[in-house]
Amino acid sequence: MKEEEIEKMRGIVRDCVSKHLYSSAIFFADKVAAFTSDPADIYMQAQALFLGRHYRRAFHLLNASQIVLRDLRFRYLAAKCLEESKEWDQCLLMLGDAKVDEQGNASDSTNSSIIYLDKDSDDREINISSAICFLRGRAYEALENRAQARLWYKAAIKADPLCYEALERLIENHMLTCEEEAGLLSSLQFAHGDEWVSSFYSCLVKKHDKENATEAKFRDVENVIVCEKLSDSPFMGSLRNNTDLLVCKAEYYHQCGEYQNCFELTQQLLEKDPFHMKCTLVHLVAAMELGQSNELYIMACNLVKDYPQKALSWFAVGCYYYCIKKYDQSRLYFSKATNLEGTFAAAWIGQGNAFAAKEEGDQAMLSYRTAARLFPGCHLPTLYIGMEYMRTHNFKLAEQFFMQAKSICPSDPLVYNELGVVAYCMKEYKKAAWWFEKTLAQIPTCLTETWEPTFVNYAHALRKLKKYKEAVSCYEKALTLSTGSLAAYAGLGYTYHLQGKYSDAIEYYHKALWLKATDQFCTEMLTLALTDESRDCVDSIPQSLAQ
């Protein structure tokens, strides 16, 4: 057969692959390889077999070739076949010996040449070494060696910053702390023209910075693309309305406690792209925070119908039952989600919260501890463990876990709030006030109703320190955030009562009882305030009139 005819058949194989006609691609690739015995054609045949899901046949073809141990592409594809067959130990053996240090710098003891097959010189390729590091990370993660997996994912992204999958695994699986994420991004060496990727990556990581710093990151992504417009290019758009970028904004709103903004944004995005899984997850948690049970029901039904094998679908069902306070059913569906996907952090935490809502502390602790072990870069499991210890009045242990959560994520104001609460419970009021002050300083956005309890807690601590003027100011600030705050009205009443301002105290006790008529504290204190005011009035009557 002539070379022109062979090249024509190669073109047919490539076209079949592009049209997803894998059986046709396998048929013609097999004939080309038989005619030429060229390593490039054998590799093309193996690729066709892999895409057609004939993993063991593809591996046998690659393993039988003499070049598999000398060429990284052959070895990588053979290892991919073993990955799909779930033979993780064999996958690592095929990739060969290599070492990686704590900074993610890899050293490979093998010396293999790299062949680029059917490569367009104008295209930008992901470094094959980066892909191999990523595959090693996948294998170690499947073998539950998460420490090694984390190092190899770091090696993959450092070998080629465009290997997004490695960064995605590190972020989604919470393998790095806030500080480690920032350090990794700063160490990446981007090629000229890829600066926008660096800006985009900074939007993907944990977002507990101040509002102006975070907004600046989003503007960097939008502006870089706009500034890079080419007059002769037909593509004049930007990433301003990109779904991935807007999902990052929604995550930021959620982390700041702006659940309504988060919900509205994800709702708009899902109208445009209803099957965006990351956006769906953020939308579910925002809906649950807002008590949107109808929305959760519809979302859960649609997800179970479209994706019955996805953990996210059953997580949505769990969120619905949690929202309507059916915690036993909620726990079962969260558990089903974790069985389908063991690295689903939100499901593990949801399961723990469902147990905690029923005051099943031991089971809640088990879920939180599992989450803390699986996701060392996520501070929430550790925070919830501290909350459980708080519930059982084990304040010293609670404080230890809150401090551990603070070391993982030193910029989350919720951690500082809990440290203030535990200090208050231990009657360390000066320390509690200091923590609450730190909490308010850490809040990244403008104040919302979410932070009303923090102002109330701060006011309680100030009242205990007899700083009544400052306490009153904090209670009033809490009322500007939530006009229906029973604790703020009761606190104001009690503070005025302590100052001997009985009329003001009676007024605020009445307002508190208007919100909850059965509140025992306010009822008793109102009676006492009325008695004190009557006694005060009697004492103020001139003696001559009293006679």
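Source: prediction; values computed, not measured.

(A) Geometry of unusual backbone geometry. The phi dihedral of H20 is positive, around 60°, even though this residue is not glycine. For E359, which is not a glycine, the phi torsion comes out positive at approximately 60°. Relative accessible area serves as the criterion here: at 58%, E359 is assigned to the exposed category.

(B) Looking closely at the environment of M525. Within the secondary structure, M525 sits in helix 29 (residues 520-540). Overall, the relative accessible area of 12% leaves M525 in the buried class. Setting aside residues up to four positions removed in sequence, M525 forms contacts with Y494, H497 and Y509.

(C) Broad picture of the packing of helix 14 (residues 259-272) against helix 15 (residues 277-289). Between helix 14 and helix 15, whose axes approach to 9 Å, the crossing angle comes to 140°. Taken together, the axis directions place helix 14 and helix 15 in an arrangement best described as oblique. In terms of crossing hand, the pair formed by helix 14 and helix 15 is left-handed. When helix 14 is examined against helix 15, the residues Y259, C262, F263, T266, Q267, L269 and L270 are found in contact with a partner set consisting of C279, T280, V282, H283, A286, A287 and E289. When the residues that make up the contact of helix 14 with helix 15 are grouped by side-chain class, the tally is 9 nonpolar, 4 polar and 1 charged.

(D) Up close: the nonpolar core. Ranked by size, the top nonpolar core spans 53 residues in total, and within it M390, F402, V422, L492 and Y509 carry the most contacts. If you tally residues by element for this core, the top one is helix 26 (residues 468-481), at 7 residues. Excluding its chain neighbours within four sequence positions, the residues that come into contact with F402 are L383, G386, M387, M390, V415, E418, L419 and V422. By size, the runner-up hydrophobic cluster in this structure holds 36 residues, among which are M44, A79, L82 and I128.

(E) Broad picture of the packing of helix 7 (residues 128-142) against helix 9 (residues 164-172). Close contact between helix 7 and helix 9 brings their axes to 10 Å; oriented N to C, the two are set at 30°. Considering their axes alone, helix 7 and helix 9 lie roughly parallel with respect to each other. Judged by the sense of rotation from one axis to the other, the crossing of helix 7 with helix 9 is left-handed. Judged by residue contacts, F134, R138 and E141 of helix 7 engage E165, A166 and R169 from helix 9. Of the residues in the contact of helix 7 with helix 9, the class split is 2 nonpolar, no polar and 4 charged.

(F) Spotlight on the packing of aromatic side chains. Summed over the entire model, instances satisfying the criterion amount to 23 aromatic pairs. Centre to centre, the rings of F50 and Y55 are 5.3 Å apart; their planes meet at 65°, and the pair counts as edge-to-face. Assessed through its relative accessible area of 19%, Y55 is described here as buried. Here the aromatic rings of Y368 and Y384 are separated by 5.3 Å at their centres, their planes lie at 20°, and the arrangement is stacked. With Y368 in helix 20 (residues 361-374) and Y384 in helix 21 (residues 380-391), the pair connects residues that are 16 residues apart, well separated along the chain. A residue is classified by how much of its surface remains accessible, and Y368, at 2% relative accessible area, is buried. Among the aromatic residues, those joined into a ring-pair cluster are Y297, W314, Y320, Y321 and Y333. Cation over ring: K310 sits above Y307, and NZ or CZ is 5.9 Å from the ring centre. Here the basic side chain of K336 rests over the ring of W314, its NZ or CZ set 3.7 Å away from the ring centre.

(G) Layout of the pattern of salt bridges. Applying the stated criterion across every chain, the model contains 22 salt bridges. Close ionic contact of K358 with D328 constitutes a salt bridge, the shortest N to O distance being 3.9 Å. Of this pair, K358 sits in the loop between helix 19 (345-357) and helix 20 while D328 sits in helix 18 (residues 327-340), and the two are 30 residues apart along the sequence. Judged by its relative accessible area of 33%, D328 is partly exposed. The partner of E507 in a salt bridge is K511, with the nearest N and O atoms 3.4 Å apart. Of this pair, E507 and K511 both sit in helix 28 (residues 502-515), 4 residues apart, which is roughly one turn of that helix.

(H) Main features of the side chain of S202. Within the secondary structure, S202 sits in helix 11 (residues 195-204). For S202, the side chain forms a polar contact with the main-chain oxygen of S199, separated by 2.5 Å. Aside from chain neighbours lying at most four places away, what touches S202 is L185 and K217.

(I) Local environment of the environment of A311. Within the element layout of this structure, A311 appears in helix 17 (residues 311-323). For A311, a relative accessible area of 3% gives the class buried. Considered as a pair, A311 and T266 are 45 residues apart in the sequence and their alpha carbons are 20 Å apart. Among all residues touching A311, those that are not within four sequence positions of it are A337, L340, E341 and F344.

(J) Spotlight on the confidence of the model for the chain. Residues with a pLDDT of 70 or more make up 91% of the chain, whose mean pLDDT is 89. Taking the mean pLDDT of every element in the chain, the minimum, 45, falls on helix 30 (residues 543-546) and the maximum, 97, on helix 17. Ignoring residues within four places in sequence, the model shows residues 112-121, a span with pLDDT below 50, making 21 contacts including any to other chains. Under a pLDDT of 50 for its full length, residues 226-231 has, in the predicted model, 4 contacts with residues more than four places off or in other chains.

Cut-off values and rules
- Residues numbered from 1 in each chain as written.
- Predicted model: local features only at pLDDT ≥ 70, side-chain atom pairs only at ≥ 80, totals over all residues.
- Heavy atoms only, no water.
- Buried < 20%, exposed > 50% of the residue type's maximum accessible area, 1.4 Å probe, protein only.
- Helix = DSSP H or I, 4+ residues; strand = E, 2+ residues; numbered from the N terminus.
- Contact = heavy atoms within 4.5 Å.
- Axes fitted to C-alpha atoms, helices over the stretch in contact; angles between N-to-C directions.
- Parallel < 35°, antiparallel > 145°, perpendicular 65-115°, else oblique.
- Left-handed = near helix turned anticlockwise from the far one by under 90°.
- Nonpolar A, V, L, I, M, F, W, Y, C, P; charged D, E, K, R; others polar.
- Core = buried A, V, L, I, M, F, W, Y, C linked by side-chain atoms within 4.5 Å.
- Phe/Tyr/Trp six-rings, centres within 6.5 Å; stacked < 30°, edge-to-face > 60°.
- Lys NZ or Arg CZ within 6 Å of the ring centre and 35° of its normal.
- Salt bridge = Lys/Arg side-chain N within 4 Å of Asp/Glu carboxyl O.
- Polar contact = N/O pair within 3.5 Å; in protein donor to acceptor, adjacent residues only side chain to side chain.
- pLDDT = per-residue confidence, 0-100.

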